[in-house]
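Structural features, examined
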Amino acid sequence: MFIIVVILAATLNFIIPRLAPGDPIGAVLEELRARGASSGGDAEDEIVAAYRARFGLDQPIHLQYLRFLFNTLRFDLGYSISYYPQKVEAALLRSLPWTVGLLAFSTLISFAAGSFFGAMMAWPRAPGFMRRFVPMFMVLSAVPYYLLGLILVYIFAFVMRILPLGGAYSSGTVPRLDLEFLLDVMRHGALPALSIVLTSVGFWALGMRGVMVTVLGEDYLTLAEAKGLPDRRIFFAYAMRNALLPQVTSLAIALGTVASGSVLVEVVFNYPGIGWLLYNALRSSDYYMVQGVTFFLILTVAVSVLIVDLIYPLLDPRIER
Amino acid sequence: MIETLIHRGKAAGIYTLRTPKLLLGLILLSSLLLLSLVGPYVVDVDTARPISVATNQPPSAKFPLGTDSGGRDVLAVIIVGTPQTLMMGVIAGLVGVTLGASLGLVAGYFGGRIDMVISTCTDVMLTIPPLAILLVVAASVRTMSVLNMAIIIALLSWMFPARTIRAQVLSLREQPYVHMARLAGLSDIRIIFEEIMPNILPLAAASFVGATSGAILAGIGLEVLGMGPQRTPTLGMTIYWAQLYSALIRGLWWWWLPPIIVLIVLFVGLFLVSAAMDEFVNPRLRRTG
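Every value quoted in this text rests on a predicted model; they were computed, and no experiment measured them. (Residues numbered from 1 in each chain as written. Chains lettered and ligands numbered in written order. Predicted model: local features only at pLDDT ≥ 70, side-chain atom pairs only at ≥ 80, totals over all residues. Heavy atoms only, no water.)

1. Looking at the interface of chain A and chain B
Counting residues at the interface gives 43 residues for chain A and 43 residues for chain B. Of the roughly 3900 Å² buried between chain A and chain B on both sides combined, carbon and sulfur atoms contribute 82%. Where chain A touches chain B, the interface holds zero salt bridges. Summed over the shared surface of chain A and chain B, the result is zero residue pairs in polar contact (both at pLDDT 80 or more). Contributing elements (two or more residues each) for the side of chain A that touches chain B: α1 (2-19), α6 (133-142), α7 (145-159), α8 (179-216), α11 (258-268), α12 (274-283) and α13 (287-315) of chain A. At seven residues, the largest contribution of residues to the side of chain A that touches chain B is made by α7(A). Considering only residue class, the side of chain A that touches chain B consists of 36 nonpolar, five polar and two charged. (Contact = heavy atoms within 4.5 Å. Buried area = accessible area lost by both parts, 1.4 Å probe. Salt bridge = Lys/Arg side-chain N within 4 Å of Asp/Glu carboxyl O. Polar contact = N/O pair within 3.5 Å; in protein donor to acceptor, adjacent residues only side chain to side chain. Helix = DSSP H or I, 4+ residues; strand = E, 2+ residues; numbered from the N terminus. Nonpolar A, V, L, I, M, F, W, Y, C, P; charged D, E, K, R; others polar.)

Structural data, given as structure tokens:
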């Protein structure tokens, strides 16, 4: 299954950009022409031929495909066309920490908060105000995060001017590892993270509530109560532990899709992660960059699904056999 | 088949009156529908074109929602854009669910090798992040229209319906009345259409609402990135232009806030309807909340 997904992903990646009418070399040339750096004519044809040879675009399509498949599986994603001679892997590695830092962090926060709230919402002995959160969560979970993000930017960055408008750190600062820079990064990450947490906490809460309702009807819970166990213990060790299992599956998938979910949030907030990279590569029809990023995105999902399958028996000992 | 449908309809009707969710959701959605139906008679929709009115006007009696930097009346843009978004979602949802339901039906009913092929495809497609593929496809398509955007999105939204319906058909296939029908010599086609179809329709309807909402979400995402239809003004495109012209930091709130509010109303409405339908199909969810 894992292998099929990876090969299929690589193939899709190869085919789709090539269905496009434009070609990347032409796009680069057009840009050169616009800047007055090229005048067209014979010299230009030579440049095109030279570039096509360099990127292997002059070979028959099946040879291109085989070479592509082989290189992809070695994780050699080729050179970026717009930023030649930078390699695609290098660009990916540079953007990855931002995406992982921002999105994985906010996904984990909303998972923890959402699961806890969701469990409380189903718990009959929870304080009454908990149940009043249900409609609020429902409404928030239906709102796309980037739309909420725009509203948050307006309120906090434009009207109140307490948080920056976008970017991952203040322009002019050089990324380094000290407290000042870290605080700067956190200030910049606050709004995108908040918009993701607010809109996704409802998803986790509602999912958790659904499972929790089922778990609460189980016989072992009645037994635990009959034994006179303290409420807190029943809630955490009996009900929540069991209700969390299906949630963990969704968490792994959510973490896997973190990178692809990041496209919109990163574009809205000018955040220099993987999504931003993909968006710009698409704009400049940079084949290899697009292929590299999409392949990477699909790979992360496939890997996280695989990891769930592998660690699930550890979380739920009943599955072992 | 007709009696079953009428019976189902009645049950759904009675259920509607008991839950406020469906009612509220329908009110939200029909208000948007009303806006796009009545709007063109009240507001001159030609002012949705660029350079047709003065630029950057704040809301006033003449322009209730102001105008943008491209010289469009924001209210007119909303009135023209909302039905486009609804239409895109409904087409994509219908195509996606029809495709998914047929595949799920075939896979679940016939089983065996066909089932294996269809299920593997579904699972593989489910692991591929749709937005990544959508972006690549959208960037490859030169001229995007509302219709071909709907089709592209539909091709990526059949997997969930296919999976839910396959599961349902698997259990329906073993029901005594299906066995009876088979013993009575009914053909596969008649069993599928007369015995199984009526029982998966509520589920298909529930997944239709979900698929529509997902399709609109994906479509708006593309439009906000500036990769949606270029000729017709859409809600997402308005947000894209507002972003491009930094309407946010220029304080032109009347430019980007109205499309966002319309979209939020739309998504909440769809969410409520789909939650209510899920409860109708799956009574276990009704217990709390």
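The discussion continues.
2. Focus on the nonpolar core
One recurring pattern in soluble globular proteins is that nonpolar side chains are buried together. The biggest cluster of nonpolar side chains holds 111 residues, and the ones touching the most others in it are A:L278, A:V293, B:L135, B:I153, B:L222, B:L263 and B:L266. With 13 residues, helix α11 (residues 253-281) of chain B is the largest single contributor of residues to this core. Each of two domains, domain 1 (2-73) and domain 2 (90-285) of chain A, supplies a minimum of three residues to this core. Apart from residues lying up to four places away in sequence, B:I153 is in contact with B:M88, B:A92, B:L134, B:A215, B:A218 and B:G219. (Core = buried A, V, L, I, M, F, W, Y, C linked by side-chain atoms within 4.5 Å. Buried < 20%, exposed > 50% of the residue type's maximum accessible area, 1.4 Å probe, protein only. Domains from an automatic or database assignment.)

3. Describing the side chain of B:S207
Along the chain, B:S207 falls in helix α9 (residues 188-224). Residues within four places of B:S207 in sequence aside, it is in contact with B:V97 and B:P161.

4. Re empty space enclosed by the protein
Residues and elements named next belong to chain B. Inspection of the entire model under this criterion finds three cavities of 30 Å³ or more. Counted as a void, the largest cavity has a volume near 60 Å³. Residue lining of the largest cavity: D68, R72, V77, P233, T234, M237, T238, W241 and W255, and that is the complete set. Among the elements that make up the lining of the largest cavity, the one with the highest residue count is helix α10 (residues 235-244) (three residues). Here the lining of the largest cavity is composed, by residue class, of five nonpolar, two polar and two charged. (1 Å grid on protein atoms, 1.4 Å probe; cavity = no way out; pocket = protein on both sides within 12 Å on 5 of 7 lines; lining within 4 Å. Points joined across faces, edges and corners; volume = space filled by probe spheres on them.)

5. Overview of the pattern of salt bridges
All names here are of chain B. For the coordinates displayed, the defined rule picks out two salt bridges over all chains. Between D115 and R166 there is a salt bridge whose closest N-O contact spans 2.6 Å. In this pair, D115 sits in helix α4 (residues 112-127) while R166 sits in helix α7 (residues 159-173), placing the two residues 51 residues apart along the sequence. Relative accessible area serves as the criterion here: at 11%, D115 is assigned to the buried category. By relative accessible area, R166 is classed as partly exposed at 23%. One salt bridge in this structure joins E174 and R173, with 3.4 Å as the shortest N-O distance. Using a relative accessible area of 45% as the deciding quantity, one classes E174 as partly exposed.

6. As for the packing of α6(A) against α11(B)
Two numbers describe a pair of packed helices, the interaxial angle and the distance between the axes. Between α6(A) and α11(B), whose axes approach to 8 Å, the crossing angle comes to 120°. In terms of their interaxial angle, α6(A) and α11(B) are classed as oblique. Two packed elements cross with a definite hand, and for α6(A) against α11(B) that hand is right-handed. Only B:F267, B:V268 and B:F271 of α11(B) make contact with α6(A), whose side of the interface consists of A:M138, A:V139, A:S141 and A:A142. Along the lines of polarity and charge, the residues of the contact of α6(A) with α11(B) split into six nonpolar, one polar and no charged. (Axes fitted to C-alpha atoms, helices over the stretch in contact; angles between N-to-C directions. Parallel < 35°, antiparallel > 145°, perpendicular 65-115°, else oblique. Left-handed = near helix turned anticlockwise from the far one by under 90°.)

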